[in-house]
Amino acid sequence: MRKESESTWWVPACDLCGNLEHAEERTAQGLLLRRCRKCGLISIAHDEAERRTAASTTSSVPLTLQREALRSLLGRPFPSALVLGEPDRALIAEAAEMGIALSALVEPGHSPIDGVRTFAWSLEGAAFAAESFDCIINTVGLERYPTPSRLFDRARRWLNPGGRLLVVALNASSLPARLNRRSWLTRFAEDAQHLFTPPVLGEYASRFGFNVASVQSRSAVREVAASIFGAREPGIAATVTAAPVALASSLFGMGLVIVMELTNDGYAVRPVVRKAESAMEGAPGLAPALYTGVHRKKVAEYA
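These numbers come from a predicted model, not from an experiment.

Asker: Quick rundown of helix H3 (residues 148-158)? Include the residues and the values.
Answerer: Note that an α-helix has 3.6 residues per turn; residues three or four places apart therefore point the same way. Across the eleven residues that make up H3, a large majority, nine, are buried. What H3 keeps buried is the set Pro-148, Ser-149, Leu-151, Phe-152, Asp-153, Arg-154, Ala-155, Arg-156 and Trp-158.

Here it is, written out as structure tokens:
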């Protein structure tokens, strides 16, 4: 971490690449955005002492895609799936009908969920054995995770070879975000920790040895209307006007959310210290974000 010159705050390394250099921008709402100069990941520095009044808006994986992910397990011997977050009742019923052992990882203190093996653990404290699941569905938007790399690292460990990971995130390069950036940030950035684009999500996949099976971009008409017109609850006229924008953004891959399906059959990259550079700069090595372990598969080392 580096220390800001005019404050006592420590600036953490980029969660994706470990870079310490960021371009900073202050939004109209007072949020500090830090864009990594190397990979483009946007981090949001929140002042927890300030009371946030905006409604919590986050992305989620559409139920239809969650069901498709489960159906892809048919034919496997003793299929198993893990849902990060509380699963929908329809998903629980479908898993039971297909004979899929469904588990849910929920926040500590959460009550047991009927029909599901419920584990009330934090992501950091979860202790599943390696290669325990054929599919992992992350129902909570990646923008809400302080350290998204931890999720990819855990999923890599817990998935069987060839297993699938389904993730979702708000799209900072969406068409509504481009049309009215200030309104979009007001609605979506208040409770987000990071903002993503499809290329950045692809970099996460590559770093942790996942192959990208599919990328979908989706937009809800009311959310698009709220983002464009800056209304918390858009009226009928605003919703009708925003409908073509929502359709165009989904068709051209510029929707409000990105849904990415990854397969655990790629090459994991383990960065190594370039000794000459470290000696010249007097640095102890790469930032902590780059020391995530690779637990199996082939490893490519780059000097």
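Don't stop here, the text continues.
Asker: Explain the sheet that holds strand E4 (residues 32-36) to me, and be specific about the residues and the numbers.
Answerer: Reading across the sheet, the four strands line up as E3-E4-E5-E11 and stay open at both edges, with antiparallel pairing between neighbours. Two strands bound the open sheet, and with one partner strand each, they are strand E3 (22-26) and strand E11 (194-195). Where E4 meets strand E5 (residues 42-45), four bridges bridge the pair, whose relative direction is antiparallel. For Arg-35, the partnering residue across the bridge sits in E5 and is Ile-42.

Asker: Tell me about the confidence of the model for the chain, and name the residues and values.
Answerer: This prediction gives the chain a mean pLDDT of 82; 80% of its residues lie at or above 70. Per-element confidence in the chain ranges from a low mean pLDDT of 44 for helix H9 (residues 275-281) to a high of 97 for strand E6 (residues 80-84). Counting interchain partners and residues more than four positions distant, the pLDDT-below-50 stretch residues 49-56 has twelve contacts.

Asker: Report on helix H6 (residues 198-207), specifying residues and quantitative values.
Answerer: Val-200, Leu-201, Tyr-204, Ala-205 and Arg-207 are the residues of H6 that are buried. Looking at the residues trailing H6, positive phi occurs at Gly-209, about 80°.

How each quantity is defined
Residues numbered from 1 in each chain as written. Predicted model: local features only at pLDDT ≥ 70, side-chain atom pairs only at ≥ 80, totals over all residues. Heavy atoms only, no water. Buried < 20%, exposed > 50% of the residue type's maximum accessible area, 1.4 Å probe, protein only. Helix = DSSP H or I, 4+ residues; strand = E, 2+ residues; numbered from the N terminus. Pairing = 2+ DSSP bridges. pLDDT = per-residue confidence, 0-100. Contact = heavy atoms within 4.5 Å.

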